[in-house]
Amino acid sequence: MDEFLRATVTFPAVLFTAALVVVIVFWLLVLVGGAEPDSFDTDVDSGALGLGGVPVSVSASLLIALSWFFCVTGSVLLSGTDWPATLVDLLDVVVLCASLIGSWRLTRVLVRPLAKLFPDEPGPSRLDFVGLTCTVRTGRVDADFGQAEVTARDGSAAVVQVRQNDGSRLGPGSTGLLYAYDDTGEFFWVAPFDTALDPRG
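All values reported here derive from a predicted model rather than from experimental measurement.

1. Considerations on the nonpolar core
For step 1, the next point in the chain: Phe129, Val150, Val160, Val162, Leu178, Phe188 and Val190 are the most contacted members of the largest nonpolar core, which has 15 residues in total.
For step 2, the next point in the chain: Of all the secondary structure elements, the ones that give two or more residues to this core are strand 1 (133–136), strand 2 (147–151), strand 3 (157–163), strand 4 (175–182) and strand 5 (187–192).
For step 3, the next point in the chain: With near-sequence residues (within four places) excluded, Phe188 lies in contact with Arg126, Phe129, Val130, Val160, Gln161, Val162, Arg163, Leu178, Ala180 and Tyr181.
For step 4, the next point in the chain: Ranked by size, the runner-up nonpolar core spans eight residues in total, among them Ala7, Ala13, Phe16 and Leu96.

2. Some details on the packing of aromatic side chains
For step 1, the next point in the chain: Overall, the coordinates contain five aromatic pairs when judged by the stated rule.
For step 2, the next point in the chain: Ring plane angle 80° and centroid distance 5.2 Å describe the contact between Phe26 and Trp27, whose orientation is recorded as edge-to-face.
For step 3, the next point in the chain: For the pair Phe187 and Trp189, a centre-to-centre distance of 5.1 Å together with 80° between the ring planes defines the contact as edge-to-face. The pair formed by Phe187 and Trp189 is uniform in burial state, with each residue classed as buried.
For step 4, the next point in the chain: These aromatic residues form a ring-pair network of at least three members: Phe129, Tyr181 and Phe188.
For step 5, the next point in the chain: One Lys or Arg, Arg163, reaches over the ring of Phe187 and ends 5.2 Å from the middle of that ring.

3. What to know about the side chain of Ser103
For step 1, the next point in the chain: Mapped onto the elements of the fold, Ser103 is located in helix 4 (residues 85–114).
For step 2, the next point in the chain: A distance of 2.6 Å separates a polar atom in the side chain of Ser103 from a polar atom in the side chain of Ser67.
For step 3, the next point in the chain: Setting aside residues up to four positions removed in sequence, Ser103 forms contacts with Leu63, Leu66, Ser67 and Phe70.

4. Considering helix 2 (residues 14–31)
Since there are 3.6 residues in each turn of an α-helix, residues three or four apart along the chain are aligned in direction.
For step 1, the next point in the chain: Here helix 2 is 18 residues long and its end C-alpha atoms lie 26 Å apart, about the 26 Å a rise of 1.5 Å per residue gives.
For step 2, the next point in the chain: Looking at helix 2, one finds that the buried residues are Phe16, Leu20, Val23, Phe26 and Val30. Here the buried residues of helix 2 occupy an arc of 125° about the axis, which is enough to place them on one side. Exposed residues on helix 2 whose side chains face more than 90 degrees from its buried face are Ala18, Val22 and Leu28.
For step 3, the next point in the chain: Looking at the residues trailing helix 2, positive phi occurs at Gly33, about 85°.

What counts, and at which threshold
- Residues numbered from 1 in each chain as written.
- Predicted model: local features only at pLDDT ≥ 70, side-chain atom pairs only at ≥ 80, totals over all residues.
- Heavy atoms only, no water.
- Core = buried A, V, L, I, M, F, W, Y, C linked by side-chain atoms within 4.5 Å.
- Buried < 20%, exposed > 50% of the residue type's maximum accessible area, 1.4 Å probe, protein only.
- Helix = DSSP H or I, 4+ residues; strand = E, 2+ residues; numbered from the N terminus.
- Contact = heavy atoms within 4.5 Å.
- Phe/Tyr/Trp six-rings, centres within 6.5 Å; stacked < 30°, edge-to-face > 60°.
- Lys NZ or Arg CZ within 6 Å of the ring centre and 35° of its normal.
- Polar contact = N/O pair within 3.5 Å; in protein donor to acceptor, adjacent residues only side chain to side chain.
- Expected span 1.5 Å × (residues − 1).
- Arc of directions from axis to C-beta.

Written out as structure tokens, the structure reads:
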């Protein structure tokens, strides 16, 4: 136990011990809601190191933790030898370099499956439909009732709840414009739309 503690506060592991404490404090803050996992994504490009696909905090935490572990393990193993102090000091430098390279390679392997938990693009949102045209699928659309089919920009179609309160009539097959979304009622406000004015037409 004494060898382990001594290894954590001596070269080379001491270079990562303080950083590991910071990592632990950061993730405790994330757990209590005091920080976000992607807090540093705008400041650092981890993709250049082959560690992209996950928030920088995740890849950095893995890199630091693994480097610390390899350094401590190497130091403990070296402390159990009877080799000259000069040789041990030289091997400590080798352990540091090997730990950095090994932890970087292992982190690259680990972030690949983790990347599936952190998609690059946000999931689809109902707000993505605002500004799109739709085709009414019910006999009427008023302030209390109505459904329409809308095609998203990615080509997928969906049937959504629509409402209108301007007194105009929207019947089956007519084209409307989704101009707002009501979070409380979970429906879109729709207005009549002249297909001749559609720039995509």
